[in-house]
Amino acid sequence: SNQASPTAGMASELLDHYEEGTWTPTLLDAPTGNAAGYAAQVGQYTKIGTQVWLSWTVQTNSISGMTGGNTAVVAGMPFTPRSTSNLTQVGVAIVQGANLGNDSAVVLQAVAGTAAMNIHQFDTNAGTTEVTVTEFGASATMRASISYPV
């Protein structure tokens, strides 16, 4: 309620900011690097107070001009994650058509202080590695979501 007093230790219970919108996710070969070609780029966000929720789909049709051995990065986030030394924001993804291991799970890690996310794969054989541009591939589709503080 907007008339009750806050509980001890609570600064405020009023909703101070709510926003919804769209954003354009990009696949780059570095946080400010070369971009892929796209068949689709669709993103939505919700921001409540200092918390942001993103969901998106990126479908590549070309990685020409990108450095294949570089880590693939999702960029263009509408809000920059808060810089914190002890907090990592992790999102989940489904990736189809990529050159990843058969038993790989894909997660995203928001890079604090930048509007970009690193893509990681957890493989039962190789462990945790960052996904390279070549591994992501020229005709892959990523559907993903993440939540993070700003």
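Residues numbered from 1 in each chain as written. Predicted model: local features only at pLDDT ≥ 70, side-chain atom pairs only at ≥ 80, totals over all residues. Heavy atoms only, no water.

Caption draft 1: Representation of the overall build of the protein in the model. In terms of regular secondary structure, the protein is built from one helix and 10 strands. Among the 150 residues that make up the protein, the fraction classed as buried is 34%. Taking contacts inside the protein between residues at least 6 apart in sequence as the whole, the part at least 24 apart equals 66%. Accessible surface for the protein amounts to roughly 7900 Å². Of this, 48% is attributable to carbon and sulfur atoms. (Helix = DSSP H or I, 4+ residues; strand = E, 2+ residues; numbered from the N terminus. Buried < 20%, exposed > 50% of the residue type's maximum accessible area, 1.4 Å probe, protein only. Contact = heavy atoms within 4.5 Å. Areas by Shrake-Rupley, 256 points an atom, 1.4 Å probe, with all protein chains shown as cover.)

Caption draft 2: Spotlight on a nonpolar patch on the surface. Together, Tyr 18, Ile 48 and Trp 53 give the surface a local cluster of nonpolar side chains, amounting to about 300 Å² of exposed area. We classify Tyr 18 as partly exposed; its relative accessible area is 46%. (Patch = residues over 30% accessible without salt bridge, like charges linked within 9 Å, V, L, I, M, F, W, Y side chains within 5 Å. Salt bridge = Lys/Arg side-chain N within 4 Å of Asp/Glu carboxyl O.)

Caption draft 3: Region of interest: the environment of Leu 27. Checked against the element boundaries, Leu 27 lands in strand β2 (residues 26–28). Taking the C-alpha atoms as reference, Leu 27 lies 8.9 Å from Gly 76; in sequence the two are 49 residues apart. Beyond its immediate sequence surroundings of up to four residues, Leu 27 is in contact with Asn 34, Ala 35, Ala 36, Tyr 38, Thr 60, Met 66, Ala 72, Val 73, Ile 119 and Phe 136.

Caption draft 4: How the structure looks around the pairing of strand β8 (residues 116–123). For β8, the tally of buried residues reaches seven of eight residues, placing the bulk of the element in the interior. As judged from the three bridges shared by strand β5 (residues 73–75) and β8, these two strands associate in the antiparallel manner. Residue pairing for β8: Ala 75 is matched across the bridge by Ala 116. Pairing of strand β7 (residues 104–110) with β8 involves seven bridges; the strand directions are antiparallel. Bridging across to β8, Leu 108 finds its partner in Ile 119. Between β7 and the antiparallel strand that follows it, β8, lie five residues; Gly 113 among them carries a positive phi value of about 85 degrees. Examined bridge by bridge, β8 and strand β9 (residues 127–130) share four bridges and lie antiparallel to one another. Paired with His 120 across the bridge in β9 is Glu 130. Counted between consecutive antiparallel strands, the loop separating β8 from β9 contains three residues. (Pairing = 2+ DSSP bridges.)

Caption draft 5: View of the nonpolar core. With 28 residues, the main nonpolar core has Leu 54, Trp 56, Leu 108, Met 117, Ile 119, Phe 136 and Met 142 as its most contacted residues. Broken down by secondary-structure element, the contributors of at least two residues to this core are β4 (51–62), β6 (90–96), β7, β8, α1 (133–136) and β10 (141–149). In this view, Ile 119 contacts Leu 27, Ala 72, Val 73, Val 74, Val 106, Val 107, Leu 108, Thr 129, Glu 130, Val 131, Phe 136 and Met 142; residues no more than four positions away in its chain are not counted. (Core = buried A, V, L, I, M, F, W, Y, C linked by side-chain atoms within 4.5 Å.)

Caption draft 6: Examining the packing of aromatic side chains more closely. Tallied over the entire structure, the rule returns two aromatic pairs. The ring of Phe 79 is capped by Lys 47, whose NZ or CZ atom sits 5.5 Å from the centre of that ring. (Phe/Tyr/Trp six-rings, centres within 6.5 Å; stacked < 30°, edge-to-face > 60°. Lys NZ or Arg CZ within 6 Å of the ring centre and 35° of its normal.)

Caption draft 7: Up close: the pairing of β7. Examined bridge by bridge, β6 and β7 share four bridges and lie antiparallel to one another. Paired with Gly 91 across the bridge in β7 is Leu 108.

Caption draft 8: Examining the environment of Thr 71 more closely. Relative to the assigned elements, Thr 71 resides in the loop between β4 and β5. Thr 71 sits 42 residues away from Asp 29 along the chain, and the two C-alpha atoms are 5.9 Å apart. With residues up to four places along the chain from it excluded, the contact list for Thr 71 reads Leu 28, Asp 29, Ala 30, Asn 118, Glu 130, Val 131 and Thr 132. Reaching out from Thr 71, the side chain makes a polar contact with the side chain of Glu 130 at a distance of 2.9 Å. (Polar contact = N/O pair within 3.5 Å; in protein donor to acceptor, adjacent residues only side chain to side chain.)

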